[in-house]
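Per-entry structural report
Here is what each chain is made of, one letter per residue.
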Amino acid sequence: MNIAHRDSIMFRANASVKAMGQLSHIKLKPDFTVCRKLAGFHRLTVRWKSNTRPAPILMAAPVRALIDEQISIRGHFLPLHCPVTVHARMHSDEGDLWESFAHYYANESGALSLTRDPSVGGSYLGCEPMGLFWSMQPAPGEREGLRLRKKNVETPYVVHISLLEGHVSPSEGQSTELAAVTAERWYIAPGVKRIEINQNRLVGTLFIPPGPGPFPALLDLWGMGGGLQEYRSSLLASRGYAAFHLLQDHPQVVSDRVGIIGLSFGCYLMLRIATKTGVKPSCLIGINGPAGSTVPLSDSDGRTEQFESFQKYWNFDDEGRVIFKEVSLPANILPENFVKLEKLDCPLMYIVGEDDLSASSIENADLIEESLRSASKGHLFTRLSYPGAGHLIEPPYSPNARASMWSIKPKKLITMWGGHPGPHAAAQEDAWKKMLDYLEKNLRS
């Protein structure tokens, strides 16, 4: 598997702010990075034979890689300048079929490279080396409102990539497969340990990379959808980052190199934790989240009432899909429900999707920046802003869901996240690289 390891641990948590306050006594010390690479290999299947030329082949390199790594897809021994379709399909952990396809022409040598050649039709246009992956959508006939999220990070997505004769739409009829290859896309590197945590009102998952440590640490917080989402944590652990709490005596976590990352409402919780007395993270990454809560807080821990019970600022589009954007508009948040941003003492990277339909991300970024500047702390703030990107800025090459199912009971409700496929994909790739560079600077340097 061609997967690079960066030694650290990652922890995905589901906990109250009060419980998070226990984290202030953690002692960590800087780590040393160990990189390993295992060579990928080609696995290919030939489908079409000819008596006058070699059979076409399709290659992917590496065929086993982390989800944030590019792979090279190439075809050879095709008729010169012939039209072909490259088709990708895979099943989610729930069993739903996802697919994408793109139209290409072989060159004057009978070769095709997704890294070099432009798509002229299909799920995306232009030269997009990883377009087959980020443009995937549920296949026709699959369930409504799907969003691709890895449930079991200890197994890969297995992607079947095929080379089809002519420019075709695979779902609209029979097509001739010329060659095929299978690629595995992983969220966890070899040797990373996964440990379930359920202690002192904290429920989470700890990811520990190979090696003795010590490791820098990250706490990964998500939004109001609930549940443990592990795939970002396991991927960050594979890149080298450790856990944030319940680890005071853990032999592999030492020193003061601690960061927090939060998406959506997790961004608000991140800011609350970071501004509590005695909690001193080294850096923060907020993604499309608010600096306060419209939903009334039920106690000082930062817990809220049922989100669905407060629909004052919900809006709906013409198809009846809910838009939560105004819920987090600063003008709609009570003053006492804002985070005391003037207490923030560590660097904050805030990532904005300018087509976010689930949170007022631009307005919250403006508020945070102005609050820090007024407190003479403007130097702590870094903004990344992406036109055309939506709310769910995920690891690179992940398909974007512009809308997905929010709830089934008491009634079916689909929510709008925003984002357009191409710009959103570009934002995810750029933001992930800059996030890793930022973490390197603040947790390792």
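Predicted model only: the values in this text are computed from it and were never measured.

Along the protein chain, the regular secondary structure elements total six helices and 23 strands. Residue burial in the protein chain is summarised as follows: out of 445 residues, 57% are buried. Restricting to contacts in the protein chain with at least 6 residues of sequence separation, those with at least 24 account for 73%. Here the protein chain has roughly 18,600 Å² of accessible surface; of this, 51% comes from carbon and sulfur atoms.

The three strands lie next to each other as β3-β5-β8, forming an open sheet whose pairing is antiparallel. Of all the strands in the sheet, just β3 (57-61) and β8 (112-113) have a single pairing partner and so form its edges. Two elements, β3 and strand β5 (residues 72-76), share five bridges in a ladder whose sense is antiparallel. Its bridge partner being in β5, M59 is matched across the sheet by R74.

Among the secondary structure elements, S404 is positioned in strand β22 (residues 403-407). Residue S404 is classed as buried on the basis of its relative accessible area, which comes to 2%. Within the structure, S404 has its side chain in polar contact with the side chain of W417 (distance 2.7 Å). Once you skip the residues sitting within four places of it in the chain, S404 turns out to touch G145, L146, R147, L413, I414, T415 and W417.

Once that is clear, we can look at the pairing of strand β11 (residues 157-165). Across the nine residues that make up β11, a large majority, seven, are buried. Inspection of the sheet shows strand β6 (residues 83-91) paired to β11 by six bridges, in the antiparallel sense. Of the residues in β11, the one forming a bridge with T85 is L164. Here β11 runs beside strand β12 (residues 177-186); their pairing, made up of eight bridges, is antiparallel. From the neighbouring strand, L163 faces β12, where its bridge partner is A179.

Turning our eyes to something else, we now look at unusual backbone geometry. At the junction of A61 and P62, the peptide bond is cis and its omega measures out at -5° in the coordinates. Within the secondary structure, P62 is located in the loop between β3 and β4 (64-66). One non-glycine residue, F77, adopts positive backbone phi at about 65°. Its location among the elements puts F77 in the loop between β5 and β6. Taking relative accessible area as the criterion, F77 reaches 40% and is therefore assigned partly exposed. Residues other than glycine seldom take positive phi values, yet Y397 does so here, at roughly 70°. Examined against the element boundaries, Y397 turns out to sit in the loop between β21 (381-386) and β22.

This part takes up the environment of G289. By secondary structure assignment, the location of G289 is in the loop between β17 (283-287) and β18 (315-316). Classification of G289 by relative accessible area gives buried; the value is 2%. For the pair G289 and A359, spaced 70 residues apart in sequence, the C-alpha separation works out to 6.5 Å. Not counting residues up to four positions away in its chain, the partners in contact with G289 are S264, C267, Y350, S361 and N364.

Bringing helix α6 (residues 421-444) into the picture now. Helix length check: α6, at 24 residues, gives a terminal C-alpha distance of 33 Å against a target of 34 Å (1.5 Å per residue), a fit within 8%. Residues of α6 that are buried include every one of H424, A425, A427, Q428, A431, W432, M435, Y438, L439, N442, L443 and R444, and no others.

Core analysis: the largest hydrophobic core is formed by 80 residues, its most contacted members being I73, L132, F133, I161, I285, I351 and L439. The contact partners of I351, leaving out residues within four places of it in the chain, are I285, G286, I287, N288, L384, Y386, I393, A431 and M435. In terms of nonpolar packing, the next biggest core, distinct from the first, is built from 25 residues, C267, C346, L348 and L372 among them.

Let us now look at the pattern of salt bridges. Under the criterion given, the structure shown has 22 salt bridges. Among the salt bridges present, the one from E184 reaches R64, with a minimum N-O distance of 3.3 Å. With E184 in strand β12 and R64 in strand β4, this pair connects stretches of sequence that are 120 residues apart. Between D317 and R321 there is a salt bridge; the shortest N-O distance is 2.7 Å. Among the residues examined, R321 registers a relative accessible area of 22% and is labelled partly exposed. Residues participating in the shared-partner salt-bridge network are D366, E369, E370, R373 and R383.

So, how was this worked out
- Residues numbered from 1 in each chain as written.
- Predicted model: local features only at pLDDT ≥ 70, side-chain atom pairs only at ≥ 80, totals over all residues.
- Heavy atoms only, no water.
- Helix = DSSP H or I, 4+ residues; strand = E, 2+ residues; numbered from the N terminus.
- Buried < 20%, exposed > 50% of the residue type's maximum accessible area, 1.4 Å probe, protein only.
- Contact = heavy atoms within 4.5 Å.
- Areas by Shrake-Rupley, 256 points an atom, 1.4 Å probe, with all protein chains shown as cover.
- Pairing = 2+ DSSP bridges.
- Polar contact = N/O pair within 3.5 Å; in protein donor to acceptor, adjacent residues only side chain to side chain.
- Expected span 1.5 Å × (residues − 1).
- Core = buried A, V, L, I, M, F, W, Y, C linked by side-chain atoms within 4.5 Å.
- Salt bridge = Lys/Arg side-chain N within 4 Å of Asp/Glu carboxyl O.

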